Amino acid sequence: MWGDGKQTRSFCYVDDAVEGLIRVMTSDYAQPLNVGSDEMVSMNDMAAMCMEIAGKHGKKGTLPIKHIPGPEGVRGRNSNNDLIKKVLGWAPSITLREGLERTAPWILKQIEKDQAAGLDVSTLSTSKVVAAEAASAIGVTKI
């Protein structure tokens with residue numbers, strides 16, 4: 001895991017995100033609204049939760065987390081849903097754990113399909129930092 005794992009994020013299950021977006025699009029409200037989850041989790045806790053859920057599906061379960069140098073992004077990111085709750089009465093109904101428990105069997109099935117097709121699934125447990133270039137001014141490139 002890149003960094004110390006204490007960086008936080010929030011994740012919104014796709015069914016909730018779609019419902020939130022439909023509510024925004026069908027409303028008369030013309031200002032920006034956040035559609036997301038306000039359930040914040042550290043990356044260490046996310047890894048532990050994923051391993052626990054994988055263990056329930058017959059996978060290895062708990063593995064050591066190796067913290068390595070790499071891009072971490074911002075220290076914390078979370079959706080503030082106060083306004084969308086007030087304006088549209090919407091909040092996500094599926095917790096992170098519930099979403100992961102629904103998603104895990106599908107992911108495991110996809111991995112099994114890849115294995116059956118002879119693909120090297122060992123590459124699914126690796127990551128690589130790649131540099132991106134973006135133009136900061138006409139004709140000038142920054143990395």
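Just above, that's the structure.
A brief report on the enclosed structure follows.

Reading the values: the criteria
- Residues numbered from 1 in each chain as written.
- Predicted model: local features only at pLDDT ≥ 70, side-chain atom pairs only at ≥ 80, totals over all residues.
- Heavy atoms only, no water.
- Helix = DSSP H or I, 4+ residues; strand = E, 2+ residues; numbered from the N terminus.
- Buried < 20%, exposed > 50% of the residue type's maximum accessible area, 1.4 Å probe, protein only.
- Contact = heavy atoms within 4.5 Å.
- Areas by Shrake-Rupley, 256 points an atom, 1.4 Å probe, with all protein chains shown as cover.
- Salt bridge = Lys/Arg side-chain N within 4 Å of Asp/Glu carboxyl O.
- Patch = residues over 30% accessible without salt bridge, like charges linked within 9 Å, V, L, I, M, F, W, Y side chains within 5 Å.
- Expected span 1.5 Å × (residues − 1).
- Bend = angle between axes of the 7 residues up to and from the residue.
- Polar contact = N/O pair within 3.5 Å; in protein donor to acceptor, adjacent residues only side chain to side chain.

Things to note about the overall build of the chain
Then, number 1: What the chain contains, in helices and strands, is four helices and four strands.
Then, number 2: If you list the helices and strands of the chain from N to C, you get β-α-β-α-α-α-β-β.
Then, number 3: Looking at the chain as a whole, 21% of its 143 residues qualify as buried.
Then, number 4: Partitioning the intrachain contacts of the chain with sequence separation of at least 6 by distance along the chain shows that 80% fall at a separation of at least 24.
Then, number 5: Surface summary for the chain: the accessible area is close to 10,100 Å², and the carbon and sulfur share equals 57%.

Here's the deal with the pattern of salt bridges
Then, number 1: Under the criterion given, the structure shown has five salt bridges.
Then, number 2: With a closest N to O distance of 2.8 Å, Glu19 and Arg23 form a salt bridge. With a gap of four residues between them, Glu19 and Arg23 both fall in helix 1 (residues 14-25), about one helical turn apart.
Then, number 3: By relative accessible area, Glu19 is classed as partly exposed at 32%.
Then, number 4: Arg97 is the partner of Glu52 in a salt bridge, and the nearest nitrogen-oxygen pair spans 3.4 Å. With a gap of 45 residues between them, Glu52 in helix 2 (residues 43-56) and Arg97 in helix 4 (residues 96-116) connect regions that are remote in the sequence.

Some words on the environment of Glu72
Then, number 1: Following the sequence through the fold, Glu72 ends up in the loop between helix 2 and helix 3 (82-88).
Then, number 2: As for Glu72 and Trp2, which are separated by 70 residues in sequence, their C-alpha atoms are 6.1 Å apart.
Then, number 3: Residue contacts for Glu72: discarding those within four places in its chain leaves Trp2, Gly3, Asp4, Gln7 and Arg9.

Some thoughts on a nonpolar patch on the surface
Then, number 1: Nonpolar side chains collect at one region of the surface, where Val14, Val18, Leu21, Ile22 and Met25 lie side by side and expose about 490 Å² of accessible area between them.
Then, number 2: Look at Ile22 and you get partly exposed, because its relative accessible area is 45%.

Focus: helix 4
Then, number 1: Taking 1.5 Å per residue, 21 residues should reach 30 Å; helix 4 reaches 30 Å between its end C-alpha atoms and fits that length.
Then, number 2: In the structure, helix 4 departs most strongly from a straight axis at Thr103, where the bend amounts to approximately 30° and where the proline Pro105 lies between one and four residues downstream.
Then, number 3: Three or more residues of helix 4 are buried, namely Leu96, Gly99, Leu100, Ala104 and Leu108.
Then, number 4: On the buried face of helix 4, the contacting elements are strand 2 (40-42) and helix 2.
Then, number 5: Gly118, located one to two residues past helix 4, shows a positive phi value of around 85°.

With respect to the side chain of Ser42
Then, number 1: Tracing the chain through its elements places Ser42 in strand 2.
Then, number 2: A polar contact is formed between the side chain of Ser42 and the backbone nitrogen of Asp45, at a distance of 3.0 Å.

Distances and angles like these do not, on their own, reveal function.
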